[in-house]
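Chains, contacts and geometry: an overview
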Amino acid sequence: MTRLRAALSRPLVRRLAEAVVTLVGVSLLTFVVLRVVPGDQITASYGIAAGELSPDQIRSLEAYYGIDRPWPVQYLGWLGGVLSGNLGLSTASGTSVAALTAQALPNTVELAVLAIVVGLLLGIPGGMLAASRPGRARDGATQLGSLLSLSVPSFLLATALATFLANQLGWYPNGEGYRTLLEDPWLNLQQMALPALVLGVSIASPVLQTTRTAILGVRSEDFVRTARAKGVPPRLLQVRHVLRNALIPVVTMTGLQFGFLLSGALVAEQIFAVPGIGRQVLLGLQQKEYAVVQSTVLVIAVMFVLVNLLTDLVYRLVDPRVRAR
Amino acid sequence: MSATETGLEPGAAAAGRARAWRAAFGTPSGAVGVLLMVLVVGLALVAALGLTPRDPAAQDVSRSLLGPSGDAWFGTDQFGRDVFARVASGLANSMRVAVVSVAASGAVGLTLGVLAGFFGGLVDRLAGMLTNILFAFPSLLLALALAATLERSWLTVSIAIAVVYVPIFARVARGPVLSLRSAEYVVASQAVGRSRLSTLVEHVVPNMTGILVVQTTLSLSWAILTEASLSFLGFGTPPPAASLGGMVYDAQTLAVIAPWLLVFPGIGLVVAVVGLNLLGDALRSALDPRAGGR
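Residues numbered from 1 in each chain as written. Chains lettered and ligands numbered in written order. Predicted model: local features only at pLDDT ≥ 70, side-chain atom pairs only at ≥ 80, totals over all residues. Heavy atoms only, no water.

Before going further, it helps to examine the overall build of chain A. The helix and strand inventory of chain A stands at 14 helices and two strands. Counting every position in chain A, which comprises 325 residues, the buried fraction comes to 45%. In chain A, the proportion of contacts linking residues at least 24 apart, taken out of those at least 6 apart, comes to 72%. Split by element, the accessible area of chain A, about 16200 Å² in all, is 65% carbon and sulfur. (Helix = DSSP H or I, 4+ residues; strand = E, 2+ residues; numbered from the N terminus. Buried < 20%, exposed > 50% of the residue type's maximum accessible area, 1.4 Å probe, protein only. Contact = heavy atoms within 4.5 Å. Areas by Shrake-Rupley, 256 points an atom, 1.4 Å probe, with all protein chains shown as cover.)

As structure tokens, this is what we get:
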């Protein structure tokens, strides 16, 4: 309990206030960017035919989409709606953005969690392997793998995997309609396997590097030498003393990767036809649906900021040195 | 060690630096990085000057989907366009977008970061607020949103990518300036009556070269990846100009019967990014005293 109270002390309150200011800025920026550029929902939904609309028709369409009011009124109206849980309406599909998001968000979160699992499974053992003999062959080999995972963009890996597996092995679960985890767990996990692998590979490199550096750092600390001198068996020493302490920065790194996954997921979702939140933004951008893009981007930014805040909190809880400060 | 760090003896410092450069580029990975980048920049230049054996845009249906051969080194696509010429021209496009976007974000970000770090107070808080806002967007999403709303061209893609990296450069520059601000020679410069601005330009900025060169190299590789991702998603460099991401997208349906359409643009992209990453690592160990070798 005292731990929690210490964690919630002043710096955290300040970070919360900062987060709120940031989110207001995010919403303003999204709002302005979407409006300063030429083209609006009318041209997006009517295409060239928009040129043939009479001034009266344009006026009534503007009123229908709510873009006839002055900007500040539009912004405050939208923000007020968001705060009361109304994210606006997607005119193309005729559903509320809140409903669309409620459908899409769990898919993206599931994908991000699976990708983090894959990334940690690749990155932590890789980092331990590299750190076990720094500067030697196995270090070099893992560094090479890490460099490749950093340099091969997800869209390329995804396209290559999809093409190869679908055609050589005839395995392409994503070709069928998407099934959520609740509808058909087995098919869902098959459909998630490739996108999670692709995204996991893309975050494995920072996890690996962080693990390696942290293990090398912890290993040279006094308490490890003391433990070794006391006769702690090497294997137990590696796990209980070295790895446990080395994982603290890995936690932070993993948290930071979550935000990256939200945007990286966009590519994987698009290629593997996962109806997630990234695809929702992409579709909204293509159809110039202000409400969809604006609200979805805000949802993503809120999640990003919250995850970073949470990472900070967890870091404070697990690392007594930060707590003391 | 202490002489090079305090910069008391310029000769010793130069010798130390030369040693560090040799150490960095003498390693296998540093040498490979230089080699790959020479290859990539060379190919890009050849394409930019129009010296490829075939025109990257010339269509010839009678030559469609030829495999790699002595005649068409990387094969041809469904319109009979030469894949080698298109990969080279795609690399030229990647390099152009990367250089322009990094130069723009570097100029704006550095100014912002240096001013924030040096003057502190309100300037720092405002700059911090701005960078926080930009950081709240996942980077690809921000670039995508900007690129999608602007008219499609290589220049707007560069602008979109530049906006994403402004806060990164600002943050990278702010840290060293903060610590340099209280360095003895900076304080001394002010004590002898130099204005804050001239101190900044003469003493603070030159001491950040190392960290900036490294950051620039790594940013170039991110910019290439981002441009390729945007082009893949249909919001990047518009056709008919060749872009590596666009080529991978086009290859999706044909890669089964014509794998070279996917393989060569993919290799081109990875080689450019690996080269820049290796170069960045080598530069880091040469220029950043804290990295201290491996």
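More follows now that the structure is in view.
Turning next to the overall build of chain B. Within chain B one finds twelve helices and zero strands. Walking chain B from its N terminus toward its C terminus, one meets helices and strands in the order α-α-α-α-α-α-α-α-α-α-α-α. Dimensions along the principal axes, computed over C-alpha positions, put chain B at roughly 75 × 45 × 30 Å. Counting all 294 residues of chain B, 49% fall into the buried class. Across chain B, contacts joining residues at least 24 apart in sequence account for 71% of those joining residues at least 6 apart. Accessible area of chain B: about 13300 Å², with a carbon and sulfur share of 67%. Here chain B contributes 18 positively and 15 negatively charged side chains, and the mean placements of these two sets differ by 8 Å. (Lys, Arg positive; Asp, Glu negative; His and termini not counted. Charge placed at Lys NZ, Arg CZ, Asp CG, Glu CD.)

Let us look at the pattern of salt bridges. A pair can form between side chains of opposite charge whenever their charged atoms are brought close. Residues and elements named next belong to chain A. Tallied over the full model, the rule gives four salt bridges over all chains. The closest approach of N and O atoms between R212 and D139, which form a salt bridge, is 2.8 Å. Linking R212 in helix α9 (residues 185-219) with D139 in helix α7 (residues 137-151), this pair joins segments that are 73 residues apart in sequence. Residues R225 and D222 are paired through a salt bridge, measuring 3.4 Å at the closest nitrogen-oxygen approach. Here R225 and its partner D222 are both found in helix α10 (residues 222-229), three residues apart, which amounts to about one turn of the helix. (Salt bridge = Lys/Arg side-chain N within 4 Å of Asp/Glu carboxyl O.)

Further remarks concern the interface of chain B and chain A. Taken together, the contacts link 37 residues of chain B with 39 residues of chain A. Counting the surface lost from both chain B and chain A, the interface buries some 3100 Å², and carbon and sulfur atoms represent 82% of this. For the pair chain B and chain A, the number of links is zero salt bridges. Scanning the region where chain B abuts chain A turns up one residue pair in polar contact (both at pLDDT 80 or more). Of all the secondary structure elements, the ones that give two or more residues to the side of chain B that touches chain A are α5 (121-135), α6 (139-149), α10 (209-233), α11 (244-251) and α12 (260-287) of chain B. Here the side of chain B that touches chain A is built from residues that sort into 28 nonpolar, eight polar and one charged. (Buried area = accessible area lost by both parts, 1.4 Å probe. Polar contact = N/O pair within 3.5 Å; in protein donor to acceptor, adjacent residues only side chain to side chain. Nonpolar A, V, L, I, M, F, W, Y, C, P; charged D, E, K, R; others polar.)

Residue and element names in this part refer to chain A. Relative to the 56 Å expected for 38 residues at 1.5 Å per residue, helix α11 (residues 234-271) spans just 46 Å between its end C-alpha atoms, considerably shorter than the ideal helical length. Maximum bend of α11: about 40 degrees, positioned at L243. In the segment just after α11, A273 is the residue with positive phi, at about 55 degrees. (Expected span 1.5 Å × (residues − 1). Bend = angle between axes of the 7 residues up to and from the residue.)

Moving on, we get to the packing of helix α6 (residues 97-132) of chain A against α11(A). Residues and elements named next belong to chain A. Between α6 and α11, whose axes approach to 9 Å, the crossing angle comes to 135 degrees. As the angle between them shows, α6 and α11 are arranged oblique. Crossing handedness for the pair α6 and α11: right-handed. Judged by residue contacts, T108, L111, A112, A115, I116, L120, I124 and M128 of α6 engage L243, L247, V250, T254, F258, L261, L262, A265 and E269 from α11. Looking at side-chain class alone, the contact of α6 with α11 contains 14 nonpolar, two polar and one charged residues. (Axes fitted to C-alpha atoms, helices over the stretch in contact; angles between N-to-C directions. Parallel < 35°, antiparallel > 145°, perpendicular 65-115°, else oblique. Left-handed = near helix turned anticlockwise from the far one by under 90°.)

The next point concerns unusual backbone geometry. Located in the positive-phi region is A273(A), a residue other than glycine, with phi close to 55 degrees. Turning to its location among the elements, A273(A) is positioned in the loop between α11 and α12 (277-286).

When the terminal C-alpha atoms of helix α7 (residues 154-181) of chain B are compared, their 39 Å separation across 28 residues agrees well with the 40 Å that a helix rising 1.5 Å per residue should span. Maximal helix bending in α7(B) amounts to about 35 degrees, located at Y165(B); proline P167(B) follows within four positions.

Residues and elements named next belong to chain A. Within the secondary structure, S146 sits in helix α7. For S146, a relative accessible area of 4% puts it in the buried group. In this view, S146 contacts S205, L208 and Q209; residues no more than four positions away in its chain are not counted.

Right, let's get into the side chain of T22(A). Here T22(A) is to be found in helix α2 (residues 10-36). T22(A) gets classed as buried once you look at its relative accessible area, which sits at 7%. Discounting residues that sit within four places of it in the chain, T22(A) has contacts with N132(B), I133(B) and A136(B).

Honestly, that's just the spatial picture; any functional story needs more than this.
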